[in-house]
Amino acid sequence: MTTRRNFIKSTAAIGGAMGLSPLMRASAAPWPVDAERPGHSVDRATAPLNILILGGTGFTGPEQVEYAIARGHRITLFNRGKTRPGMFKGKVAEELIGDLNGDTSALKGKQFDVVIDNPTTLPFWVKNAAQYLKGNVKHYIFISTTSVYRDQSEIGITENSPTVPMPAGLDPYRPDQRNSAQLAASANPANYGAFKARAEQEVQMQYPGVNTVIRPCLIVGPLDRTDRFTYWPARIDKGGEVLAPDKPDDPCQFIDSRDLAEWTIRMAEMREFGTFNAIGPAKPMTIAEMLYGVKAVTTAGAQFTWVPWEFLQQQKVRPWRDMTVWQPPYGRTAGYQRRDASKAIAKGLTFRPVAVTAKDTLDWHKTRPEAEQLATLNGEINGLSMKREAEVLAAWKASRSTPP
Ligand SMILES: NC(=O)c1ccc[n+]([C@@H]2O[C@H](COP(=O)([O-])OP(=O)(O)OC[C@H]3O[C@@H](n4cnc5c(N)ncnc54)[C@H](OP(=O)(O)O)[C@@H]3O)[C@@H](O)[C@H]2O)c1
């Protein structure tokens, strides 16, 4: 059976080997990022920066790279050369090959105005890079996550809310535990938050006073192969009766990867330090607004049937995994979609309309290999399979027509 990890890996490889549309070929990135879209103009920054991007070739990274280049900055990449190798060949000043979990010596003797750390989950990775970077960078930006928050039932979580402590028995600095800790992080979301929180502390220790910690919620948009948002545009575009989670006015938060990436670069330009939640949209959004925003960019005439959480639970339909983006606004996830981003908004974080995110995500999704598109509708990564969706809808209707 194909595991989710293998699937993403193999489909990414297939995607690279596939013929790409002319629009996609025109870009160094596998998708025309905003900075390269016809008619989209990006102003040059007043002072060019020498920026090191750790990672840079996955999902959010390519948007940072293209936007920063359009702003006139000098970009160096550091990664293992495994994910989309050669993607920015001839576009970035330098490509350094190394492994944050191993050999980082390619960073030796280098100096940068800004480092943007995308891949790090384990605190050891920050330390491993710092042996060469410490004292040689003027600003370190760490892309963290809102999963660092300990109590997701808190409504209006701010940057001061408590974070997840390291679970007993896990030491992500010990070489013999590092790889198992990494595995534990991917298998257990609670550990992911703990490692990221500890990595934030490592950043603050290594780069005191000159660090920025950015905590995004669910990142969505083109290039996201996890299907956590992509499921909705893909499914709604197929039309028919669509199972929608719980109640239309349940809260909903996410951030478009382009909004996140561009704001990250602007934070570098402004030399803004501190910790920030990066969460959209600007004003509270309901799950119905999101789903109708997606529907607005399709022509298939989908109809939503809202099924209460109690019934979804009986049917073993999972929040987040099956009903993606959505989390029950009750109990331990009551605050999950109601966190506070006012600090980042005050520093210039902006959000494009949901219809733009939906349209671009759907356009990108349709360029994915056929097997990958099918996998989305079969719920193989995230999202509910159309077969299971039909069963749940039928059961819901049967329960409504049966006299008590
Ligand atoms: N996706 C979400 O919804 C979400 C939500 C909140 C926070 N986040 C955070 O967002 C961050 C950004 O992720 P992204 O995938 O968009 O970043 P990205 O920079 O676009 O892609 C990840 C990069 O890291 C590199 N990399 C992976 N392992 C490495 C290693 N051991 N040493 C050196 N480089 C390595 C990869 O290249 P190679 O494979 O070639 O090394 C790739 O270039 C992550 O830290 C994640 O925790 C994500």
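Predicted model only: the values in this text are computed from it and were never measured.

1. A short note on the overall build of the chain
The helix and strand inventory of the chain stands at 14 helices and twelve strands. When each of the 404 residues of the chain is scored for burial, the buried share is 45%. Counting contacts in the chain only where the partners sit at least 6 residues apart, residues at least 24 apart contribute 79% of the total.

2. Some words on unusual backbone geometry
In this chain, glycine 280 is followed by proline 281 through a cis amide linkage whose omega measures -10°. Along the chain, the position of proline 281 falls in strand S11 (residues 280-286). If you check the backbone angles, aspartate 227 has positive phi at about 65° while not being a glycine. Among the structural elements, aspartate 227 can be located in the loop between strand S7 (219-220) and helix H7 (231-236). Given 23 C-beta atoms within 10 Å, aspartate 227 falls into the buried group. Non-glycine residue valine 325 carries a positive phi angle of around 75°. Note on placement: valine 325 falls in the loop between helix H10 (309-314) and helix H11 (342-346). Classification of valine 325 as buried rests on a count of 22 C-beta atoms within 10 Å.

3. Comments concerning the nonpolar core
In terms of nonpolar packing, the biggest core is built from 88 residues, with Ile51, Val115, Ile141 and Ala278 touching the most fellow members. For isoleucine 51, the contacting residues outside a window of four places in its chain are Ala68, His73, Arg74, Ile75, Phe112, Asp113, Val114, Ile116 and Ala268.

4. Comments concerning the packing of helix H9 (residues 287-295) against helix H12 (residues 354-365)
At a minimum axis distance of 8 Å, the contact between H9 and H12 shows a crossing angle of 50°. The angle between H9 and H12 places the two elements in the oblique class. The two elements H9 and H12 cross, and the hand of that crossing is right-handed. Contacts from Met290, Gly293 and Val294 of H9 reach H12 at Val354, Ala355 and Ala358.

5. Re the pairing of strand S5 (residues 140-143)
Residues of S5 alternate between two faces, with Tyr140 and Phe142 on one and Ile141 and Ile143 on the opposite face, all of them buried. Two elements, strand S4 (residues 114-117) and S5, share three bridges in a ladder whose sense is parallel. Among the inter-strand pairings, valine 115 is bridged to a residue of S5, identified as tyrosine 140. In this fold, the crossover linking S4 to S5 by way of helix H4 (residues 123-133) has right-handed handedness. With four bridges connecting them, S5 and strand S6 (residues 211-216) associate as parallel partners. Bridged to isoleucine 141 within S6 is threonine 212.

6. Focus on the site of the ligand
Among the 22 residues in the neighbourhood of the ligand, the closest are listed as Gly55, Gly58, Gly61, Arg80 and Asn118. Its residues assigned to classes, the shell around the ligand shows seven nonpolar, twelve polar and three charged.

7. Remarks on the sheet that holds strand S2 (residues 74-79)
Strand pairs in the sheet, formed through backbone hydrogen bonds, run parallel or antiparallel to each other. As summarised here, the arrangement of the seven strands in space is S3-S2-S1-S4-S5-S6-S10, forming an open sheet in which the pairing is parallel. Since the sheet does not close on itself, it has two edges, and those belong to strand S3 (94-97) and strand S10 (274-278), each with one partner. Going from strand to strand, the sheet's axes swing by 15° on average, the running direction of each strand aside. Bridge count for strand S1 (residues 50-54) against S2 is five bridges, and the pairing is parallel. Looking at the pairing, asparagine 50 lines up with arginine 74 of S2. Those strands touched by helix H3 (residues 61-70) are S1, S2 and S4, and its axis lies near 170° from that of S1.

8. A look at the packing of H3 against helix H8 (residues 257-270)
Direction vectors running N to C along H3 and H8 enclose 50°, while the axes themselves pass 8 Å from each other. Relative to H8, H3 is oriented oblique. Classified by chirality, the crossing of H8 by H3 is right-handed. Residue-level contacts link Glu63, Gln64, Tyr67 and Ala68 of H3 to Ser257, Arg258, Ala261, Glu262, Thr264 and Ile265 of H8. Residue composition of the contact of H3 with H8, by class: four nonpolar, three polar and three charged.

9. With respect to the confidence of the model for the chain
Chain-level pLDDT for the chain is 89 on average; 87% of the residues reach the 70-or-more range. Counting interchain partners and residues more than four positions distant, the pLDDT-below-50 stretch residues 1-29 has 34 contacts.

10. Some points on the environment of arginine 368
Locating arginine 368 in the fold gives a position in the loop between H12 and helix H13 (370-377). Arginine 368 sits in the partly exposed class, given 19 other C-beta atoms within 10 Å. For arginine 368 and leucine 223, which are 145 residues apart along the polypeptide, the C-alpha to C-alpha distance reads 9.4 Å.

11. As for the sheet that holds S7
Spatially, three strands are ordered S7-S9-S11 in an open sheet, and the strand pairing comes out mixed. Because the sheet does not close on itself, it has two edges, and the strands there are S7 and S11. Sheet topology places strand S9 (residues 251-256) next to S11; three bridges connect them, and they run antiparallel. Looking at the pairing, proline 251 lines up with threonine 286 of S11.

Each value, and the rule that gives it
- Residues numbered from 1 in each chain as written.
- Predicted model: local features only at pLDDT ≥ 70, side-chain atom pairs only at ≥ 80, totals over all residues.
- Helix = DSSP H or I, 4+ residues; strand = E, 2+ residues; numbered from the N terminus.
- Buried ≥ 20, exposed ≤ 12 C-beta atoms within 10 Å, placed from the backbone.
- Contact = placed C-beta atoms within 7 Å.
- Core = buried A, V, L, I, M, F, W, Y, C linked by C-beta atoms within 7 Å.
- Axes fitted to C-alpha atoms, helices over the stretch in contact; angles between N-to-C directions.
- Parallel < 35°, antiparallel > 145°, perpendicular 65-115°, else oblique.
- Left-handed = near helix turned anticlockwise from the far one by under 90°.
- Pairing = 2+ DSSP bridges.
- Right-handed = clockwise from strand over helix to strand, strands pointing away.
- Near = placed C-beta within 6 Å.
- Nonpolar A, V, L, I, M, F, W, Y, C, P; charged D, E, K, R; others polar.
- pLDDT = per-residue confidence, 0-100.

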